[in-house]
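# Structural description and commentary
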Amino acid sequence: MRIVVLLSAGRHPATGEPCPVPAELQAIALARQIAGAGGAVEGLHAGGRDEAVLDALGHGIDGLTLVAAGAADDPLGALVAALEGRMPDLILAGRRGRGGADGGLLPYRLARALGWPIVADAIGAGIAGGEMTVTQALPRGGRRAATVRGAAVITVHPAAPAALPYVHRARLAGRVSEVAGPAALPAALPEGAEIRPYRARPKLIGDVGGGGSAEARLQAVSETRDAGGRVMLRPAPDEAAAAILDFVARFRPRKA
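Residues numbered from 1 in each chain as written. Predicted model: local features only at pLDDT ≥ 70, side-chain atom pairs only at ≥ 80, totals over all residues. Heavy atoms only, no water.

In this section: the side chain of Arg-171. Within the fold, Arg-171 resides in helix H5 (residues 168-173). Assessed through its relative accessible area of 14%, Arg-171 is described here as buried. Here the side chain of Arg-171 touches Asp-55 through a polar contact of 3.0 Å, side chain to side chain. Beyond its immediate sequence surroundings of up to four residues, Arg-171 is in contact with Glu-51, Leu-54, Asp-55, Leu-57, Gly-58 and Tyr-166. (Helix = DSSP H or I, 4+ residues; strand = E, 2+ residues; numbered from the N terminus. Buried < 20%, exposed > 50% of the residue type's maximum accessible area, 1.4 Å probe, protein only. Polar contact = N/O pair within 3.5 Å; in protein donor to acceptor, adjacent residues only side chain to side chain. Contact = heavy atoms within 4.5 Å.)

Moving on, we come to the pattern of salt bridges. Counting across every chain of the model gives 10 salt bridges. Taken together, the shared-partner salt bridges in this structure form one network comprising Arg-2, Glu-42 and Arg-86. (Salt bridge = Lys/Arg side-chain N within 4 Å of Asp/Glu carboxyl O.)

Here Asp-121, not a glycine, exhibits a phi torsion of approximately 60°, which is positive. By the secondary structure assignment, Asp-121 is in strand E5 (residues 118-128). Despite not being glycine, Arg-140 shows a phi value in the positive range, around 60°. With respect to the helices and strands, Arg-140 occurs in the loop between strand E6 (131-137) and strand E7 (143-148).

In space, the 9 strands of this open sheet follow the order E7-E6-E5-E8-E4-E1-E2-E3-E9, with mixed pairing throughout. Whereas interior strands pair on both sides, the edge strands pair on one side only; in this sheet they are E7 and strand E9 (175-179). The average undirected angle you get between the axes of adjacent strands in this sheet is 35°. Bridge analysis of strand E3 (residues 63-67) against E9 gives 5 bridges, and the strand direction is parallel. Note that in E9 the partner of Gly-63 across the bridge is Arg-175. Set on the sheet, helix H3 (residues 75-83) makes contact with strand E1 (2-6), strand E2 (40-46), E3 and strand E4 (90-94); between it and E2 the angle comes to about 145°. (Pairing = 2+ DSSP bridges. Axes fitted to C-alpha atoms, helices over the stretch in contact; angles between N-to-C directions.)

Along E3, 5 of the 5 residues are buried, which leaves the element largely enclosed by surrounding structure. With burial as the criterion, each face of E3 is covered, one bearing Gly-63, Thr-65 and Val-67 and the other bearing Leu-64 and Leu-66. Bridge count between E2 and E3: 5 bridges; the pairing is parallel. The residue of E3 that forms the bridge with Ala-46 is Val-67.

If you check helix H1 (residues 22-35), its first and last C-alpha atoms are 20 Å apart, about what 14 residues at 1.5 Å a residue would give, namely 20 Å. For H1, the full list of buried residues reads Ala-23, Glu-24, Leu-25, Gln-26, Ala-27, Ile-28, Ala-29, Leu-30, Ala-31, Ile-34 and Ala-35. The inward-facing, buried residues of H1 abut E1, E2, E4, E5, E6 and strand E8 (152-156). Positive backbone phi, approximately 75°, marks Gly-36, located one or two places after H1. (Expected span 1.5 Å × (residues − 1).)

Next comes the structure, spelled out in structure tokens:
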């Protein structure tokens, strides 16, 4: 059995230094368990030589393939090009990278491009009778068994068993192959898109302005009326300001 593990250029969340992604190292350990003694586990990365990726050689992979791709390129095309002609039996990946703008969608996009099924959040796997049973992690500590027949993409949950011990000699002696990527790769972000820092959206009571469930909106309207308030749905700015001033004036303390 031949298994490919997707690797990314991880960065330490505190220092920003090159650092392997823990879930990807756990994916290598799980791939090693599935492949067995006679199987092969290889790493695949779209990009150049990065210390975080090269360090994975010391955690149990038999070799590493680097596909040429720029930092601003969409890695999907490079990965598909590298896999064409020699498809593995399985592809494993971490749940999410840790290098910056990682959304965790690449394994899903790759599975769609290959026409393969995907099993998310694996914490264990075993093969019996030609079928593989994958144990998935669910919210609140739940577990679920999924049966996989044939090739598939599997993402590994952080609750999976720990990574294999690091062996520096294997890191130095690891086989690294660099191959050319497609002639033209699309940008990782579509034209006109931009990346902005996350800003938490303030929570509104039932989101009376149009969102939320009908029960939540009804509860918000009832509570407002019970308190002697006035329900206003998307009022004009001047109308809203006048209503606020009127409400404040009603509760202004009177002079003795």
